[in-house]
Amino acid sequence: MAFRKVVKGTVIGGGAVATVYGVSQLLEYRKNQSRLAYVEAQGELKVPFGDALPTRQEQLSRLRDTPEFDVLVVGGGATGAGCALDAVTRNLKTALVERSDFSSGTSSRSTKLIHGGVRYLQKAIMNVDYEQYMMVKEALEERANLLDIAPHLSAPLPIMLPVYKWWQLPYYWAGIKMYDLVAGSKCLKSSYVLSKSKALEFFPMLKKDKLVGAIVYYDGQHNDARMNLAIALTAARHGAATANYTEVLALLKSTDTHTGAQRVCGARCRDLITGEEFDVRAKCVINATGPFTDSLRKMDDQKTANICQPSAGVHIVIPGYYSPDNMGLLDPATSDGRVIFFLPWEKMTIAGTTDTPTDVTAHPMPKEKDIDFILNEVRNYLSPDVEVRRGDVLAAWSGIRPLVTDPNSKDTQSICRNHIVNISDSGLITIAGGKWTTYRSMAEETLDAAVKSHGLTAGPSRTMGLTLEGGKDWTPTLYIRLVQDYGLENEVAQHLAATYGGKSFDVAKMAQVTGKRWPIVGKRLVSEFPYIESEVLYAIKEYACTAIDVIARRTRLGFLNVQAADEALPRIVEIMAKELGWSEQKSQEELEAAKAFLHYEMGYKSRSEQLTNTSEISLTEQEIHRYKKRFYRFDKESKGFITIVDVQQVLEKLSMQIDENSLHEILNEVDLNKNGQVELNEFLQLMSAVKKGQVSDSRLAILMKTVEEGLDQRGPVSVDRSGGGV
């Protein structure tokens with residue numbers, strides 16, 4: 001009966017969608033043809049800063065000294081940067097200000113997918129909803145464009161949908177095929193069905209029990225923060241005056257001489273680096289502040305109602321061995337009805353997301369209950385042979401999705417499924433809602449509204465097909481030239497090509513000589529990741545102002561492994577301090593701020609809470625005896641604690657040396673009361689947490705075990721960190 005209901009709904013809904021499919025395809029074709037004809041007629045766009053980007057100080061001078069811009073965009077996320085790029089390529093004099101860093105908010109904390117939305121299409125079909133169908137269709141068009149204009153930052157990704165009931169196979173197959181059909185000529189690759197044996201061959205860690213087969217479809221994946229930055233940098237190259245860490249304090253208003261009404265005509269801004277305040281005047285102001293939409297709307301009109309209903313989405317990063325290198329997984333129906341993605345990303349595995357109401361904050365924190373929920377869902381789909389451990393969580397973050405209600409709608413309480421463009425009585429244009437994938441079309445619609453409502457002189461949008469920063473000279477084999485021309489490691493060269501595209505040569509030129517036979521250049525910031533020191537220098541050219549900018553958005557180290565990011569921070573701060581002229585006090589402030597960011601926003605706090613003074617010791621008598629014996633190998637005097645000196649003395653017997661700073665870091669991970677020593681009880685709590693899977697790859701645990709074996713066998717001891725967990 002359930003099967004018949006599903007198939008019946010699919011057939012009826014599918015038929016309804018099919019009737020509008022041909023018309024929508026024709027309309028879209030005509031729209032694209034007219035746009036392309038305009039772009040061809042206009043010829044190549046001028047790029048005023050093709051050789052070198054203006055410095056941040058030069059950008060601030062332009063913001064301060066320009067008498068009036070045509071457009072001022074507030075907000076440097078994907079949508080705001082997209083609006084700035086759309087405006088400047090229409091030959092409008094454009095400014096963009098961002099209170100924090102580009103992509104510091106929601107745009108850097110996504111699932112990293114460029115997709116149309118399989119579940120939205122399902123709803124469109126089942127509810128015969130044309131609006132939702134068109135939303136999916138638009139997103140699929142934009143998906144294809146984004147993969148085309150930034151090929152170094154994005155790529156198609158096969159995603160497996162495992163099927164555990166026979167009746168679901170034709171149901172899901174029909175839905176996924178409809179997804180391909182709606183994409184039309186923009187379909188990345190055709191979806192296909194896998195038998196149980198083939199599904200396990202592609203995804204060997206998948207749960208075998210009751211598995212019927214699987215369906216594989218394709219969506220896009222990208223490096224979201226770098227993509228956002230590429231959009232902002234492309235706008236800057238085309239002449240937009242862009243500045244991060246520039247806060248809007250108030251909106252400027254003037255009186256319309258014809259109507260006597262108050263009109264928004266710019267903003268009072270403050271440079272958060274220097275504290276300097278100045279006015280930026282503009283004919284049109286666009287509010288693209290994401291979750292902070294209502295804050296700017298209330299600067300315009302204190303009485304205006306809130307339209308943003310924020311929702312928190314948590315993601316976790318776990319080691320790469322949890323998923324195949326090039327295939328993701330979709331759980332279409334979790335225990336509470338949410339959708340969970342399980343995807344390979346930057347040689348790690350990303351899992352998420354949750355969807356819970358939250359307050360608007362600039363510093364969202366992942367909650368332990370959300371991390372546990374994701375881990376439990378992962379366990380449901382993986383083989384019992386794979387132990388999913390809390391200690392394997394390398395990083396965790398929360399992003400605020402700015403869901404909105406439409407102020408133009410009669411029902412202002414219902415959530416808008418798409419985005420909204422609203423123009424206030426004073427002329428403030430607000431773009432809110434939507435999704436990452438459709439940032440370009442949202443920007444186009446916003447600028448169309450701005451041109452019309454403010455009488456600006458501009459043609460149609462020219463951003464469809466416009467290559468983003470780094471995309472122009474990129475090829476799949478570019479990394480080989482980096483290896484051959486500069487003597488970079490293969491892994492580092494691949495990373496640079498995939499991050500900077502054609503600009504990777506500029507990064508390679510700044511790389512220092514290693515002094516080794518190989519690699520010739522490119523000193524790594526941390527051994528197990530391909531990020532190199534010259535990227536810090538290049539980040540400053542990309543408007544990085546803080547150490548957080550480097551670990552979170554210029555590189556993605558903070559999102560991949562908080563422990564590794566924490567270890568890289570002192571060197572990052574040292575490089576930035578030398579380049580930017582920071583004092584010792586400023587350097588220390590930057591270091592502390594970055595550590596706080598990792599602690600609260602990237603999941604380090606959750607890690608520390610797994611091992612506390614009150615942690616229960618769940619060990620057998622045998623295990624306690626064994627671990628005490630191991631502990632007293634270091635605590636020769638039976639003091640009840642060990643220090644750096646104790647460890648050094650034991651290592652000397654094995655003719656091994658570890659520098660004091662490294663030893664301090666290793667002991668500090670377990671030193672719960674921070675008294676400079678590890679007590680027996682702290683060590684037993686650590687081993688209990690390791691046993692329960694709350695902590696994995698503890699360097700102290702590995703060191704003490706291997707030293708014990710070395711003392712017994714007088715063999716070599718390895719203390720390389722194998723990844724760590726939070």
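Owing to the predicted nature of the structure, the values given are computational and were not obtained by experimental measurement.

S.K.: Report on helix α12 (residues 478-486), specifying residues and quantitative values.
M.R.: Residues of α12 that are buried: L478, L482 and V483. Buried residues of α12 fall within an arc of 150° about the axis and therefore sit on the same side. Buried-residue contacts for α12 involve α13 (490-500) and α14 (504-509). Taken from the residues just after α12, G487 is the one with a positive phi, measuring 75°.

S.K.: Any chance you could break down unusual backbone geometry for me, citing the residues and the numbers?
M.R.: Cis geometry marks the peptide bond from G352 to T353, where omega comes out at 20°. Tracing the chain through its elements places T353 in the loop between β14 (348-352) and β15 (356-357). Each neighbour pair has its own omega, and for W518 with P519 the value is -5°, a cis peptide bond. Position of P519 among the secondary structure elements: in the loop between α14 and α15 (534-541). Of note, S103 is a non-glycine position whose phi angle comes to about 65°, a positive value. By the element assignment, S103 lies in the loop between β2 (94-97) and β3 (113-114). Judged by relative accessible area, S103 falls into the buried class, the value being 1%.

S.K.: Can you explain a nonpolar patch on the surface? Please cite residues and give values.
M.R.: A contiguous nonpolar surface patch, about 300 Å² in accessible area, is contributed by V513, W518 and I520. Inspection of the secondary structure assignment puts I520 in the loop between α14 and α15.

S.K.: I'd like a rundown of the confidence of the model for the protein, residues and numbers included.
M.R.: Scored by pLDDT, the protein has a mean of 88; 89% of the residues are at 70 or more. Low pLDDT, under 50, characterises residues 1-21; the predicted model gives this stretch 25 contacts beyond four residues in sequence or across chains. Across residues 37-42, where pLDDT falls below 50, the model places 5 contacts with residues more than four positions away in sequence or in other chains.

S.K.: Could you give an account of α15, with specific residues and numbers?
M.R.: For α15, a buried count of 6 out of 8 residues is recorded, marking the element as mostly surrounded by other parts of the structure. The secondary structure elements touched by the buried residues of α15 are α13, α14, α16 (547-554) and α18 (562-580). Phi for Y543, located one or two positions after α15, is positive at around 75°.

S.K.: Summarise the packing of aromatic side chains; cite the residues concerned and give the values.
M.R.: In total, this model carries 15 aromatic pairs according to the counting rule given. With 6.4 Å between their ring centres and 20° between their planes, F529 and Y531 make a pair best called stacked. Across the pair, exposure class does not vary: F529 and Y531 are buried alike. Residues F631 and Y632 carry aromatic rings whose centres are separated by 5.7 Å and whose planes lie at 85° to one another, so their mutual orientation is edge-to-face. A residue is classified by how much of its surface remains accessible, and Y632, at 33% relative accessible area, is partly exposed.

S.K.: Pulling in residues and values, what's your account of the packing of helix α3 (residues 78-88) against helix α8 (residues 224-237)?
M.R.: Packing of α3 against α8 brings their axes to within 8 Å, and their N-to-C directions diverge by 25°. If you check the angle between α3 and α8, you find them roughly parallel. Relative to α8, the crossing made by α3 is left-handed. Along its contact with α3, which presents A78, A81, G82, A84, L85 and V88, the element α8 presents N228, I231, A232, T234 and A235. The residue makeup of the contact of α3 with α8, split by class, is 8 nonpolar, 3 polar and no charged.

S.K.: Please set out the pattern of salt bridges residue by residue, giving values where relevant.
M.R.: In total, this model carries 38 salt bridges according to the counting rule given. R64 is the partner of D65 in a salt bridge, and the nearest nitrogen-oxygen pair spans 3.9 Å. Accessibility expressed as a relative area gives 55% for D65, which makes it exposed. For D300, the salt bridge goes to K253, with nearest N and O atoms at 3.0 Å. Here D300 is found in helix α9 (residues 293-300), whereas its partner K253 is found in strand β8 (residues 246-255), with 47 residues between them in sequence. Residue classification places D300 among the buried residues on the basis of a relative accessible area of 10%. One continuous salt-bridge network, built from bridges that share partners, spans E247, R268, R270, E277 and D279.

S.K.: Outline the environment of R62, supporting the account with residue identities and numerical values.
M.R.: Mapped onto the fold, R62 is located in helix α2 (residues 56-65). Linking R62 and A240, residues 178 residues apart in sequence, is a C-alpha distance of 9.5 Å. With residues up to four places along the chain from it excluded, the contact list for R62 reads F49, F69, G239, A240 and A241. A polar contact is formed between the side chain of R62 and the side chain of Q59, at a distance of 2.9 Å.

S.K.: I'd like a description of the nonpolar core, backed by residues and values.
M.R.: I572 and L598 are the most contacted members of the largest nonpolar core, which has 69 residues in total. In contact with I572, other than residues within four places in its own chain, are L525, V536, A547, V550 and I551. Core analysis: the second largest hydrophobic core is formed by 47 residues, V73, A443, A450 and L456 among them.

S.K.: Go over the pairing of strand β13 (residues 340-345) with me, naming the residues and quoting the values.
M.R.: When a strand is regular, its side chains alternate between the sheet's two faces. Summarising burial for β13: 6 of the 6 residues are buried, a large majority. Two elements, strand β12 (residues 328-331) and β13, share 3 bridges in a ladder whose sense is antiparallel. If you follow L329 over to β13, its bridge partner there is F342. As defined by bridge partners, β13 adjoins β14 across 5 bridges and the pair is classed as antiparallel. Its bridge partner lying in β14, W345 is registered against M348. The loop that links β13 with its antiparallel partner β14 comprises 2 residues; one of these, E346, has a positive phi angle of about 50°.

The rules behind each value
Residues numbered from 1 in each chain as written. Predicted model: local features only at pLDDT ≥ 70, side-chain atom pairs only at ≥ 80, totals over all residues. Heavy atoms only, no water. Buried < 20%, exposed > 50% of the residue type's maximum accessible area, 1.4 Å probe, protein only. Helix = DSSP H or I, 4+ residues; strand = E, 2+ residues; numbered from the N terminus. Arc of directions from axis to C-beta. Contact = heavy atoms within 4.5 Å. Patch = residues over 30% accessible without salt bridge, like charges linked within 9 Å, V, L, I, M, F, W, Y side chains within 5 Å. Areas by Shrake-Rupley, 256 points an atom, 1.4 Å probe, with all protein chains shown as cover. Salt bridge = Lys/Arg side-chain N within 4 Å of Asp/Glu carboxyl O. pLDDT = per-residue confidence, 0-100. Phe/Tyr/Trp six-rings, centres within 6.5 Å; stacked < 30°, edge-to-face > 60°. Axes fitted to C-alpha atoms, helices over the stretch in contact; angles between N-to-C directions. Parallel < 35°, antiparallel > 145°, perpendicular 65-115°, else oblique. Left-handed = near helix turned anticlockwise from the far one by under 90°. Nonpolar A, V, L, I, M, F, W, Y, C, P; charged D, E, K, R; others polar. Polar contact = N/O pair within 3.5 Å; in protein donor to acceptor, adjacent residues only side chain to side chain. Core = buried A, V, L, I, M, F, W, Y, C linked by side-chain atoms within 4.5 Å. Pairing = 2+ DSSP bridges.

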